[in-house]
Amino acid sequence: MLWQTLLHGDPMPWLLEKSDPAVRALTLRQLLDRGPRDAELRETQQRAMTSPPISTILRRQRADGAWPGQDMYVPKYQGTHWSNLLLVEYGADPGDPRVKRAARRVLEDLSSEDQGEMGWVLSRDHGGSCFTGNVVRYVALAGYGSDARLEPLVQRLVRDSKKFDAACWINGEDPCAWGYARLVWGLAALPEAARTREVERTLRRGVEFLLSYKLERGRYPTATEPSYLWRQLSFPLFYQADVLFVLRAIDAAGELDDPRAQPAIAWLLARQDERGRWGGRAPYADRMPSRVDASKWVTLQVLTLLKHAFSPGEDGS
C-alpha cells in the first residue's frame with residue numbers, strides 16, 4: 001500500500017510553500033527523496049539557513065559557539081543545549097561551521113572538570129536520560145558521533161538502561177518513558193562505527209520498553225497520570241515526549257515495522273483533517289526564540305512516519 005492512499009487530501013503544496021524553507025527543505029529530502037546534488041534542495045536548504053526559525057537561533061550565537069546564558073541549560077529553551085536541539089529538529093545543515101561549533105562547544109564543556117555546570121544531572125548515579133540522549137543526538141548529527149569525548153555519555157545511556165531501566169529521580173525512580181524515548185533518539189543517531197553491540201542491545205531494550213505498553217494510551221510507570229502532552233500533537237518538544245515523538249524515536253531505531261506500533265499509527269491516522277493535514281501545537285512558544293507553524297511540522301513528521309511504515313520494501317512487500 002502506498003502511504004499517499006491513506007491521506008484524505010494532498011498536503012504537499014502546503015508543505016512546499018517557499019515562505020517556509022525549513023519545512024520545504026525537509027519535505028524535499030524526506031518525502032520526495034531529493035538527494036544532496038538536487039539543485040532545488042540545495043537552494044532551499046541555503047534559504048532555510050538564512051530564514052527563521054534557523055537564522056533567529058544562529059543570530060544569537062556567540063563567537064565561542066555558545067548562546068547567552070548562565071550555563072548551557074539556562075535560559076530554558078533558549079540556551080546552548082536547547083539551541084543545539086532546535087537546530088537539529090529544524091533540519092539545519094550539519095556541515096555548517098556554526099552548527100558544528102555549537103555541538104563541539106557542548107562536547108567540550110561536558111568533558112571539562114565542572115561538566116559544564118551539568119553536575120546536577122551527570123554527577124548522579126543514573127537518571128536524566130532525556131538530557132543525555134538529546135546531547136548524544138545533536139553532537140552525533142554534527143559529525144562528532146565517533147569522538148572519544150562522547151563515549152562517556154553513550155555509556156551513561158547504556159548503563160541507565162541496562163542497570164536502572166531508565167529510572168529517573170524526576171519520575172519517582174520509576175522507569176521513564178520520556179527518558180527512554182530520548183535515549184533511543186540519541187543512540188539511534190550514532191554512526192555505524194559507534195554502534196557497538198552494547199549500543200544495539202540498549203536500543204532494542206529501549207524500543208521493547210516503549211512498545212511493551214499501549215503507546216497511544218501512554219500509561220507508563222508513574223505515580224501520576226500521563227502528561228496532558230501525551231495525546232496532544234506538539235512541536236517542538238524538548239525533553240518531553242508524546243505519541244508522535246515516541247514513534248519517531250522507534251522509527252529512528254529502525255523498528256517501526258513492529259506490529260505493536262500499528263495501533264499508535266492508526267491513532268495518528270484518525271487525527272488527520274479532510275486536507276490530509278494534522279493540527280499541531282507549540283506548547284512552549286512563549287519561551288522559544290522563534291515561533292513556528294507547529295501544524296506544518298507535525299504533518300511533515302506524521303507523513304514521514306507513514307512513508308516509512310507503508311512504502312513497499314526492496315522485495316516489494
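Structure: see above.
Here goes a summary of the coordinates provided.

Parameters and conventions
- Residues numbered from 1 in each chain as written.
- Predicted model: local features only at pLDDT ≥ 70, side-chain atom pairs only at ≥ 80, totals over all residues.
- Heavy atoms only, no water.
- Helix = DSSP H or I, 4+ residues; strand = E, 2+ residues; numbered from the N terminus.
- Expected span 1.5 Å × (residues − 1).
- Buried < 20%, exposed > 50% of the residue type's maximum accessible area, 1.4 Å probe, protein only.
- Contact = heavy atoms within 4.5 Å.
- Polar contact = N/O pair within 3.5 Å; in protein donor to acceptor, adjacent residues only side chain to side chain.
- Core = buried A, V, L, I, M, F, W, Y, C linked by side-chain atoms within 4.5 Å.
- 1 Å grid on protein atoms, 1.4 Å probe; cavity = no way out; pocket = protein on both sides within 12 Å on 5 of 7 lines; lining within 4 Å.
- Points joined across faces, edges and corners; volume = space filled by probe spheres on them.
- Axes fitted to C-alpha atoms, helices over the stretch in contact; angles between N-to-C directions.
- Parallel < 35°, antiparallel > 145°, perpendicular 65-115°, else oblique.
- Left-handed = near helix turned anticlockwise from the far one by under 90°.
- Nonpolar A, V, L, I, M, F, W, Y, C, P; charged D, E, K, R; others polar.

## Quick notes on helix α6 (residues 97-110)
Next up, step 1: Taking 1.5 Å of rise per residue, 14 residues should cover 20 Å, and α6 covers 20 Å from first to last C-alpha, within 8% of that figure.
Next up, step 2: Buried residues of α6: Val99, Ala102, Ala103, Arg105, Val106, Leu107 and Leu110, and no others.
Next up, step 3: Each element contacted by the buried residues of α6 is listed here: α3 (39-49), α5 (80-89), α7 (119-122), α8 (129-144) and α9 (151-164).
Next up, step 4: Of the residues flanking the start of α6, the one acting as N-cap is Asp96, its side-chain oxygen 2.8 Å from the backbone nitrogen of Arg98.

## Thoughts on the nonpolar core
A general feature of soluble globular proteins is that nonpolar side chains tend to end up buried together.
Next up, step 1: Core analysis: the biggest nonpolar cluster contains 100 residues, and Leu247 and Leu306 have the highest contact counts within it.
Next up, step 2: Apart from residues no more than four positions distant in its own chain, Leu247 is found in contact with Leu215, Leu256, Ala261, Ala264, Ile265, Leu268 and Leu305.

## Here we look at the side chain of Arg105
Next up, step 1: Residue position: Arg105 is located in helix α6.
Next up, step 2: Of the polar contacts made by the side chain of Arg105, one reaches the side chain of Asp64; its length is 2.6 Å.
Next up, step 3: Excluding residues within four positions of it along the chain, Arg105 makes contact with Arg62, Asp64, Gly65 and Ala66.

## Remarks on empty space enclosed by the protein
Next up, step 1: Summed over the entire model, instances satisfying the criterion amount to 2 cavities of 30 Å³ or more.
Next up, step 2: The calculated volume of the largest cavity comes to roughly 50 Å³.
Next up, step 3: If you go around the largest cavity, the residues you meet are Leu85, Val88, Glu89, Asn134, Arg137, Tyr138, Arg182 and Trp185.
Next up, step 4: Broken down by secondary-structure element, the contributors of at least two residues to the lining of the largest cavity are α5, α8 and α10 (177-187).

## What about the environment of Glu255?
Next up, step 1: Tracing the backbone through its elements, the reader meets Glu255 in the loop between α12 (243-252) and α13 (262-269).
Next up, step 2: Placed 227 residues apart in sequence, Glu255 and Leu28 show a C-alpha to C-alpha distance of 24 Å.
Next up, step 3: In this structure, Glu255 is in contact with Val207 and Ile250, ignoring residues within four places of it in sequence.

## Side note on the side chain of Arg24
Next up, step 1: Residue position: Arg24 is located in helix α2 (residues 21-31).
Next up, step 2: Contact partners of Arg24, with chain neighbours within four places excluded, come to Leu15, Leu16, Glu17, Lys18, Glu40 and Thr44.

## Things to note about the packing of α12 against α13
Next up, step 1: In contact at an axis separation of 11 Å, α12 and α13 are set at 130 degrees when each is read in the N-to-C sense. Judged by the angle between their axes, α12 and α13 are oblique. The two elements α12 and α13 meet at a crossing, and its hand is left-handed. Facing α12, whose interface residues are Val243, Leu244 and Leu247, α13 presents Ala264, Ile265, Trp267 and Leu268.
Next up, step 2: Of the residues contributing to the contact of α12 with α13, the split by class is 7 nonpolar, no polar and no charged.

Just distances and angles here, no functional claims.
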